[in-house]
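Secondary and tertiary structure notes
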Amino acid sequence: MVLEGNPDVGSPRTSDLQHPGSQGSCILSCPGEEALAGEEPIKYGELIVLGYNGCLASGDKGRRRSRLALSRRPHANGVKPDVMHHISTPLVSKALSNRGQHSISFTLSRSHSVIVEYTHDSDKDMFQIGRSTENMIDFVVTDTSPGGGATEGPSAQSTISRYACRILCDRRPPYTARIYAAGFDASSNIFLGERAAKWRTPDGLMDGLTTNGVLVMHPAGGFSEDSAPGVWREISVCGNVYTLRDSRSAQQRGKLVENESNVLQDGSLIDLCGATLLWRTPAGLLRAPTLKQLEAQRQEANAARPQCPVGLSTLAFPSPARGRTAPDKQQPWVYVRCGHVHGYHGWGCRREQGPQERECPLCRLVGPYVPLWLGQEAGLCLDPGPPSHAFAPCGHVCSEKTARYWAQTPLPHGTHAFHAACPFCGAWLTGELGCVRLIFQGPLD
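Residues numbered from 1 in each chain as written. Predicted model: local features only at pLDDT ≥ 70, side-chain atom pairs only at ≥ 80, totals over all residues. Heavy atoms only, no water.

**Digging into the packing of aromatic side chains**
Inspection of every chain in the model, using the stated rule, returns 13 aromatic pairs. Seen in terms of ring centroids, Tyr-44 and Phe-127 are 6.1 Å apart; in terms of plane orientation they differ by 70 degrees. Their pairing is edge-to-face. Of this pair, Tyr-44 sits in strand S2 (residues 43-49) while Phe-127 sits in strand S7 (residues 124-130); the two residues are 83 residues apart in sequence, bridging distant segments of the chain. Classification of Tyr-44 as buried rests on a relative accessible area of 3%. Note on Phe-127: relative accessible area 7%, which makes it buried. Summarising the aromatic geometry, the rings of Trp-333 and Tyr-344 are spaced 4.7 Å apart at their centres and angled 55 degrees between planes, so their arrangement reads as tilted. Taken together, the residues span a long stretch of sequence, with Trp-333 in strand S19 (residues 333-335) and Tyr-344 in the loop between strand S20 (341-342) and strand S21 (357-359) at a distance of eleven residues. Residue classification places Trp-333 among the buried residues on the basis of a relative accessible area of 12%. A connected cluster of aromatic rings, assembled from ring pairs, spans Trp-333, Tyr-335, Tyr-344 and Tyr-369. (Phe/Tyr/Trp six-rings, centres within 6.5 Å; stacked < 30°, edge-to-face > 60°. Helix = DSSP H or I, 4+ residues; strand = E, 2+ residues; numbered from the N terminus. Buried < 20%, exposed > 50% of the residue type's maximum accessible area, 1.4 Å probe, protein only.)

**Let's talk about empty space enclosed by the protein**
This model, assessed by the stated rule, comprises four cavities of 30 Å³ or more. Taken as a whole, the largest cavity spans an internal volume of roughly 130 Å³. Forming the boundary of the largest cavity are 17 residues, of which Leu-294, Gln-297, Gly-375, Pro-387 and Cys-398 lie nearest the centre. At the level of elements, helix H3 (291-303) and strand S25 (396-398) are the ones that each hand at least two residues to the lining of the largest cavity. The element contributing the most residues to the lining of the largest cavity is H3, with three residues. The computed volume of the second largest cavity comes to approximately 50 Å³. Residue lining of the second largest cavity: Val-49, Tyr-52, Leu-56, Arg-64, Arg-65, Val-140, Val-141, Thr-142 and Thr-144, and that is the complete set. Within the lining of the second largest cavity, the residues separate by chemical class into five nonpolar, two polar and two charged. (1 Å grid on protein atoms, 1.4 Å probe; cavity = no way out; pocket = protein on both sides within 12 Å on 5 of 7 lines; lining within 4 Å. Points joined across faces, edges and corners; volume = space filled by probe spheres on them. Nonpolar A, V, L, I, M, F, W, Y, C, P; charged D, E, K, R; others polar.)

**Looking at the nonpolar core**
Grouped burial of nonpolar side chains is what soluble globular proteins tend to show. Of all hydrophobic cores here, the largest spans 46 residues; its most connected members are Leu-47, Ile-129, Ile-167, Ile-179, Ile-270, Leu-272 and Leu-277. In this structure, Leu-47 is in contact with Ser-66, Arg-67, Leu-68, Leu-70, Ile-129, Phe-139, Ile-167, Ile-270, Leu-277, Leu-278 and Trp-279, ignoring residues within four places of it in sequence. Judged by nonpolar contacts, the second largest core, of 27 residues, contains Ile-48, Met-217, Tyr-405 and Cys-425. (Core = buried A, V, L, I, M, F, W, Y, C linked by side-chain atoms within 4.5 Å. Contact = heavy atoms within 4.5 Å.)

**A few points about the pairing of strand S15 (residues 232-235)**
Side chains of S15 alternate between two faces, with Trp-232 and Glu-234 and Arg-233 and Ile-235 buried alike. Here four bridges tie strand S14 (residues 214-217) to S15, and the two strands are oriented antiparallel to one another. Within S15, the position partnered with Val-214 by the bridge is Ile-235. For S15 and strand S16 (residues 241-242), the ladder comprises two bridges, and the chain directions are antiparallel. Directly across from Ile-235, in S16, lies its bridge partner Val-241. Hairpin geometry of S15 and S16 is characterised by an intervening segment of five residues between the two adjacent antiparallel strands and by a positive phi of about 90 degrees at Gly-239. (Pairing = 2+ DSSP bridges.)

**Observations regarding the sheet that holds S20**
Taken in spatial order, the four strands line up as S20-S19-S22-S21 in an open sheet, and their pairing is antiparallel. Because the sheet does not close on itself, it has two edges, and the strands there are S20 and S21.

**What about the sheet that holds S16?**
The pairing of strands in a sheet happens through backbone hydrogen bonds and is either parallel or antiparallel. The strand order across the open sheet formed by seven strands is S3-S2-S18-S17-S14-S15-S16, and the pairing between neighbours is antiparallel. Each having just a single partner strand, strand S3 (67-71) and S16 make up the two edges of the open sheet. Pairing between S2 and strand S18 (residues 276-280): four bridges, direction antiparallel. If you follow Leu-47 over to S18, its bridge partner there is Trp-279.

**Let's talk about H3**
For H3, which comprises 13 residues, the first-to-last C-alpha distance of 18 Å matches the rise-based estimate of 18 Å (1.5 Å per residue) to within 8%. All of the buried residues along H3 are Leu-294, Gln-297, Arg-298 and Asn-302. Projection of H3 onto a plane perpendicular to its axis shows the buried side chains occupying an angular sector of 135 degrees, all on one side. Counted as exposed and oriented over 90 degrees from the buried face of H3: Lys-292, Glu-300 and Ala-303. Structurally, H3 contributes buried residues whose contacts are with strand S23 (373-374). Just past H3, the residue Arg-305 takes up positive phi, approximately 50 degrees. (Expected span 1.5 Å × (residues − 1). Arc of directions from axis to C-beta.)

**A word on a nonpolar patch on the surface**
Residues Val-310, Trp-347 and Leu-362 make up a contiguous nonpolar surface patch of about 270 Å² in total accessible area. With respect to the helices, strands and loops of the structure, Val-310 is situated in the loop between H3 and S19. (Patch = residues over 30% accessible without salt bridge, like charges linked within 9 Å, V, L, I, M, F, W, Y side chains within 5 Å. Areas by Shrake-Rupley, 256 points an atom, 1.4 Å probe, with all protein chains shown as cover. Salt bridge = Lys/Arg side-chain N within 4 Å of Asp/Glu carboxyl O.)

**Details of the pattern of salt bridges**
Applying the stated rule across the entire model yields 17 salt bridges. As a salt-bridge pair, Arg-67 and Glu-377 come within 2.3 Å of each other at their nearest N and O atoms. Taken together, the residues Arg-67 in strand S3 and Glu-377 in the loop between S23 and strand S24 (389-391) connect sequence positions 310 residues apart.

**Things to note about the environment of Lys-80**
Mapping Lys-80 onto the fold places it in strand S4 (residues 78-87). When its relative accessible area of 38% is taken as the criterion, Lys-80 is described as partly exposed. Sequence spacing of Lys-80 and Ser-103 is 23 residues, and the spatial spacing of their C-alpha atoms is 9.6 Å. If sequence neighbours within four positions are ignored, Lys-80 has contacts with Glu-117, Tyr-118, Thr-119, His-120 and Asp-121.

The following block contains the structure:
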């Protein structure tokens, strides 16, 4: 066995450390950083899964939920690279047998592997995300299908890795959060097989990519009213930034982007090949509308007593407590091509063009005719503006700034495709703009 690195640096055993996802305590910790009794823990940020509008269809339960806050742990559980070993394959299992020793294994050939051992980092907290329900995963994420909802059932083929990625947060201000591809498994190991994309860096270290990759996009101008979509990049196992591969699982990596980093910003999108997550910082969430504000906007819209211009019935957005069930008699509906809001009616069908195609009685444009639903996940909104626009063709309603931003943001789909999608339900957007301004008819007094 050949040992690389500083010969004075030992390879300390960390068997007394907790697993990365464990909420329990560990022996090594930062003195003087524990929260006082009764104090709220320091929040690093929140992860929001696109496509669920505030709650999973089956309900948020434990680590499987649509939104998760990352807060400072009672004791640090971060890890950092320590020493690197070149070993022959028969020694691999022995080298990885210590579950308390975190390591990344790079298989170069049948007879040659490189193992990078990690040691405890008392300055960082680690959070792991993936499809696995094992204890080391802090946030269990399942595939989101276009149109909203998770892919259910044991036969569903998931493209999300069991140990998709990990986020390391500084325990001291400014509490910087960094993302890395792949997470440590039950043996505290990350294993990159012979077919995985991997390479030796110019400084002699190892790096690699996961099978389907972890993509990140940082918005230009932050996540605010002036935001614009950024460029999608791929994050490596060691946190370096690369241009996208030719296809999602190609073995040839993209080019290193030296002037960009893996630091998460407010509004950063993380794509795990099957689900996309939005990162919100505490400062960003303070600017976002609250659920109380969204409810006030709903009541204000209903107080204006909008009417169906044909049936003259009064329309009203349903309460969020009712959930997205069958529309009731007062539910507003919209022709998504023109934006004219009506109550439900059965005329104007154009079945030869599709079951949802209707002709608007006001302007004669033919297109989908769908019920309107308010977007209820406040963290997806760029501003607290009034609910004036709807996504096409799903009918989710939000502010103009929010609608236009998401309509311009391409989200990864499959191995190399990108589609703009409604952030509230995941439906692919259609039409020239992907959204439409709502035109309400006031009461005839």
